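Chain by chain, the residues:
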Amino acid sequence: MPTSQDMTTALDPGLLDALQHQVAVFARRAEQTRLGGTGQLRNSMDRAAYLLLNRLDQEGPMGVKALAAGMGIDSSTVTRQVAPLVDTGLVKRTSHPEDGRAVVLQLSQRGLSRLEEVRSSRRQLMAEVTDGWTKAERESFCTLLTRFNTALSARQSAHTGHAGAETASASAASPGDASAAESASTSAADGPSESAPTS
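Residues numbered from 1 in each chain as written. Predicted model: local features only at pLDDT ≥ 70, side-chain atom pairs only at ≥ 80, totals over all residues. Heavy atoms only, no water.

1. Here's the deal with the overall build of the protein
So, step 1. A count of helical and extended segments in the protein gives nine helices and two strands.
So, step 2. The helix and strand sequence of the protein, counted from the amino end, reads α-α-α-α-α-β-β-α-α-α-α.
So, step 3. Counted over contacts in the protein with a minimum sequence separation of 6, partners at least 24 positions apart contribute 63%.
So, step 4. A total of about 11,800 Å² of accessible surface is found on the protein, and carbon and sulfur atoms cover 56% of it. (Helix = DSSP H or I, 4+ residues; strand = E, 2+ residues; numbered from the N terminus. Contact = heavy atoms within 4.5 Å. Areas by Shrake-Rupley, 256 points an atom, 1.4 Å probe, with all protein chains shown as cover.)

Shown next, in the form of structure tokens:
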């Protein structure tokens, strides 16, 4: 059975170098642009907050454990990341509709408005960045990026035991959404400088 080393050797090393370099540059650029969308400070939102609010919007109210499982992270991490969202009124804690003793997290109306504001800004950014692309090119890029994120997520879950399901929401997002870009910037490590890779 071929090893991962054998598979790497069988592929074009130069192409793999170029790919990892571009992923590293993408991760850096995604991190640099994530705060402002189209550059407006009022539209800023950090990655953790965006992904949490987006998940609650897509899936509805849920407990910390369910939210953590769906995003493939620890419950303690979700608790820490949700706290400031509750403090600022973007997320509210409510009783479970079927079990009054259980507490669930729910996107507030203010949170939904804020999320839509950020989404709109990021859609504009995606439109500007891909200006001149055809619809087919945008769809192809989104499909391949989602496939790449899913593979990264599966690899991470194999090593950590977490479900790593965040890319599932990215695959359901429209090509104009930034969810896939957010996931990739979370997963990809910093790489070399942004000059062209040497052969």
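2. Focus on the pattern of salt bridges
So, step 1. Counted by the stated rule, this structure contains five salt bridges.
So, step 2. In this structure, Glu 117 and Arg 114 form a salt bridge, with 2.9 Å as the shortest nitrogen-oxygen distance. With Glu 117 and Arg 114 both in helix H6 (residues 109-129), this residue pair falls three residues apart, about one helical turn.
So, step 3. Residue classification places Glu 117 among the partly exposed positions, given a relative accessible area of 30%.
So, step 4. Ionic pairing is found between Lys 135 and Glu 139, a salt bridge with its closest N-O pair at 2.3 Å. Here Lys 135 pairs with Glu 139, and both are found in helix H7 (residues 135-160), just four residues apart, close to one helical turn.
So, step 5. Among the charged side chains, a network of salt bridges with common partners joins Asp 57, Glu 116 and Arg 119. (Salt bridge = Lys/Arg side-chain N within 4 Å of Asp/Glu carboxyl O. Buried < 20%, exposed > 50% of the residue type's maximum accessible area, 1.4 Å probe, protein only.)

3. A short note on H6
So, step 1. With 21 residues, H6 extends 30 Å from end C-alpha to end C-alpha; this agrees with the ideal 30 Å at 1.5 Å per step.
So, step 2. Looking at H6, one finds that the buried residues are Gly 111, Leu 115, Val 118, Arg 119, Ser 121, Arg 122 and Leu 125. All buried residues of H6 fall inside an arc of 170° around its axis, so they share one side. (Expected span 1.5 Å × (residues − 1). Arc of directions from axis to C-beta.)

4. As for the packing of helix H4 (residues 64-71) against helix H5 (residues 75-87)
So, step 1. The interhelical angle for the contact between H4 and H5, taken along N-to-C directions, is 105°, at an axis separation of 8 Å. One finds that H4 runs roughly perpendicular with respect to H5. Seen from H4, the contacting residues are Val 64, Lys 65, Leu 67 and Ala 68; seen from H5, they are Ser 75, Val 78, Thr 79 and Val 82.
So, step 2. Looking at the contact of H4 with H5 residue by residue, the classes come out as five nonpolar, two polar and one charged. (Axes fitted to C-alpha atoms, helices over the stretch in contact; angles between N-to-C directions. Parallel < 35°, antiparallel > 145°, perpendicular 65-115°, else oblique. Nonpolar A, V, L, I, M, F, W, Y, C, P; charged D, E, K, R; others polar.)

5. With respect to the packing of aromatic side chains
The description of an aromatic ring pair uses the distance of the two centres, along with the angle that the planes make with each other.
So, step 1. A full pass over the atoms with the stated rule returns one aromatic pair.
So, step 2. We note Arg 122 situated over the ring of Tyr 50; from NZ or CZ to the ring centre the distance is 4.2 Å. (Phe/Tyr/Trp six-rings, centres within 6.5 Å; stacked < 30°, edge-to-face > 60°. Lys NZ or Arg CZ within 6 Å of the ring centre and 35° of its normal.)

6. Topic: the packing of helix H3 (residues 47-59) against H5
So, step 1. Closest axis-to-axis distance for the H3/H5 pair is 10 Å, and the angle between their directions is 90°. Taken together, the axes of H3 and H5 are roughly perpendicular relative to one another. Residues Ala 48, Ala 49, Leu 52 and Leu 53 of H3 form the contact with H5, whose participating residues are Val 78, Gln 81, Val 82 and Leu 85.

7. Topic: the nonpolar core
Across soluble globular proteins, nonpolar side chains show a tendency to be buried alongside one another.
So, step 1. Core analysis: the largest hydrophobic core is formed by 20 residues, its most contacted members being Leu 52, Leu 53, Leu 56, Leu 67 and Leu 85.
So, step 2. At the level of secondary structure, the elements contributing two or more residues to this core comprise H3, H4, H5, strand E2 (103-107) and H6.
So, step 3. Looking at this core, the element that brings in the most residues is H3, giving six residues.
So, step 4. Once residues lying within four places of it in the same chain are set aside, the contact partners of Leu 56 are Met 62, Leu 67, Val 91, Leu 105, Gln 106 and Leu 107. (Core = buried A, V, L, I, M, F, W, Y, C linked by side-chain atoms within 4.5 Å.)

8. Section: H4
So, step 1. Of the positions making up H4, those classed as buried are Leu 67, Ala 68, Gly 70 and Met 71. The buried residues of H4 all sit within an arc of 165° when viewed along its axis, so they share a single face.
So, step 2. Gly 72 sits one or two positions beyond H4 and adopts a positive phi of about 70°.

9. Topic: the confidence of the model for the protein
So, step 1. Taken as a whole, the protein shows an average pLDDT of 77; of its residues, 67% reach a score of 70 or greater.
So, step 2. The secondary-structure element of the protein with the lowest mean pLDDT is helix H9 (residues 179-187), recorded at 43, while H5 shows the highest, at 94.
So, step 3. Here residues 167-199 is a poorly scored stretch, pLDDT under 50, and it has 65 contacts once near neighbours within four places are set aside; other chains count. (pLDDT = per-residue confidence, 0-100.)

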